[in-house]
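# Inside the fold
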Amino acid sequence: MRIVLLFFVLLAPSLLRPAESFRNEIFVRTFNNFKSPESVQRFVSMCRKYRIDTIVVAFKQDEDDEIPSGTLFYPSRLAPVARGYEKEDLMACLIGCAKSAGIGVKAWIPQFHDQIAFLKSREWRMVACGKTGCGAYDIQRRVYFVNPLHPGVRAYQLSIVEEIVRNYEIDGVVLDWIRFDGFGMDLSPYTRGVYEDRFGYDPLTIDFAHDNPKRAEWNRFRTEAIASYIAEVSETIRRLRPGIELGVSILSPDWIEVAQDPALFARYVDVLYPMSYYDDWGYPPEWIYGEREDAIVPLVQRLGGGRKVVPIFDENWREPIYRSIFEHLEGVDTFGWFAYGRWSEEMLRRVHERTRR
């Protein structure tokens, strides 16, 4: 019995990962959480209390609910600044407070979902085509995509990233919305012209509804474009601030229509953040960690070339779901947490307790 017990004690550290090994990064929507220096200080104080390791804060609006996507939350001349953020630099305040508390800060910078850029130039708009013709995608649903292939779009988005990295002592950059939204985009005159010059045919002639060699060729063209942009961001920020970390939030690589292939761009980044919101897409929790071929975290790990993988979860699932995830998920020591609105003290407490006990 003593031999068996001793064997278990020696083996246990490799089987049961200590809860203290888990690190937590929280994704914070600025508009919902920071309105004044006092609100920043209160927030950082809560994060310190509940041992949050890193605050990933939106320097740029991601969606079009409260304010237009693409609006900035720091003083800038490159794009409109959200009201109340023009003079009071809350990003600098946050970084200073967080550093004093021993908490890291990364800049969350959404890219190609950007109403401000969409309205800036008609030539930048993502175009989709259907039975009634071609038009901007998809303003009827308030989805304002710009074209990742257009050099003007890329230069504009990169200029914002560069401005943030130059002016703020951040620990990292996390890119988001760096994708397409289906096979049939972008079909703007610019993209169609570039593609026809290279491949000899108009992409409008491709059957996007079914797998075929032309669609595969088209998709490779788009995934390479996404990878090349990530490479450009990586080179730029590391030239400006050597040692800075670059991460990318991604959907499942199994969804090839969005043209995100970690195998093509992992070497340019430090962290891959698979958005593991299983219930948003009607999957069971096993889709996050299971043995199925499309399980998102193992799939990203296989394609990621050894890069750090930090899955992002909603913070409001039932506790048994998290226990199952922690029991089965391998090769992960850091979790990302997303709250759509305001982070409350109770929410931060739950994150701390479920990952540290």
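Residues numbered from 1 in each chain as written. Predicted model: local features only at pLDDT ≥ 70, side-chain atom pairs only at ≥ 80, totals over all residues. Heavy atoms only, no water.

### A few points about the state of the cysteines
With the rule as written, the count across this model stands at one disulfide. Looking at C93, it has no disulfide partner, and the nearest cysteine sulfur is the one in C97, 4.1 Å off. (Disulfide = S-S within 2.5 Å.)

### Comments concerning the environment of E86
With respect to the helices and strands, the residue E86 is situated in the loop between β2 (54–58) and α4 (90–100). In this structure E86 comes out as partly exposed when scored by relative accessible area, which is 40%. (Helix = DSSP H or I, 4+ residues; strand = E, 2+ residues; numbered from the N terminus. Buried < 20%, exposed > 50% of the residue type's maximum accessible area, 1.4 Å probe, protein only.)

### Let's talk about the packing of aromatic side chains
Tallying each qualifying case throughout the model produces 39 aromatic pairs. The cationic tip of K214 hangs over the ring face of Y201; the distance from NZ or CZ to the ring centre is 4.4 Å. (Phe/Tyr/Trp six-rings, centres within 6.5 Å; stacked < 30°, edge-to-face > 60°. Lys NZ or Arg CZ within 6 Å of the ring centre and 35° of its normal.)

### Topic: the confidence of the model for the protein
Per-residue confidence for the protein gives a mean pLDDT of 93, with 93% of residues at or over 70. Per-residue pLDDT stays below 50 along residues 1–19; that stretch engages in eight contacts with residues further than four places along the chain or on separate chains. (pLDDT = per-residue confidence, 0-100. Contact = heavy atoms within 4.5 Å.)

### Points about the pattern of salt bridges
Should their charged atoms come close, side chains of opposite charge can pair. Taken as a whole and judged by the stated rule, the model has 26 salt bridges. For D53, the salt bridge identified is with R356, shortest N-O distance 2.9 Å. Here D53, found in the loop between α3 (37–49) and β2, pairs with R356, found in helix α13 (residues 345–356); they are 303 residues apart in sequence, far enough to count as distant. According to the relative accessible area criterion, R356 is buried, its value standing at 13%. Ionic pairing is found between E346 and R350, a salt bridge with its closest N-O pair at 3.6 Å. Taken together, the residues E346 and R350, both in helix α13 and four residues apart, mark about one turn of the helix. What makes E346 partly exposed here is its relative accessible area of 36%. Residue class for R350 comes out partly exposed when judged on its relative accessible area of 26%. Connected via shared salt-bridge partners are E315, E346, R349, R350 and E353. (Salt bridge = Lys/Arg side-chain N within 4 Å of Asp/Glu carboxyl O.)

### Concerning the pairing of strand β5 (residues 133–136)
Across four bridges, the pairing between strand β4 (residues 127–130) and β5 is antiparallel. Considered in β5, the bridge of A128 is made with G135. Between β4 and β5, which follow one another and run antiparallel, lie two residues. (Pairing = 2+ DSSP bridges.)

### Observations regarding unusual backbone geometry
The linkage connecting M185 with the following residue, D186, adopts the cis geometry, with an omega of 5 degrees. Positive phi values are uncommon outside glycine, yet R51 reaches one of about 55 degrees. With respect to the element layout, R51 can be found in the loop between α3 and β2. A positive phi angle, close to 65 degrees, is found at A259, a residue other than glycine.

### Regarding α4
Among all positions of α4, only L90, M91, C93, L94, I95 and A98 are buried. A side-chain oxygen of the first residue of α4 lies 3.3 Å from the backbone nitrogen of M91; this N-cap is D89. Phi turns positive, to about 75 degrees, at G102, one or two residues after α4. (Polar contact = N/O pair within 3.5 Å; in protein donor to acceptor, adjacent residues only side chain to side chain.)

### Some thoughts on the pairing of strand β8 (residues 271–274)
The two faces of the sheet receive side chains in turn, since in a regular strand these alternate between them. Side chains of β8 alternate between two faces, with V271 and Y273 and L272 and P274 buried alike. Inspection of the sheet shows strand β7 (residues 245–250) paired to β8 by four bridges, in the parallel sense. If you follow V248 over to β8, its bridge partner there is L272. In this sheet, strand β9 (residues 308–309) lies alongside β8 in parallel orientation, the contact comprising two bridges. Directly across from V271, in β9, lies its bridge partner K308.

### Describing the side chain of E315
Here E315 lies in the loop between β10 (312–314) and α12 (319–328). Taking the relative accessible area as the measure of exposure, E315 reaches 7% and is therefore buried. A distance of 3.0 Å separates a polar atom in the side chain of E315 from a polar atom in the side chain of R350. Non-local contacts of E315, meaning those with residues more than four positions away in its chain, are made with Y322, W337, F338, A339, W343, M347, R350, V351 and R354.

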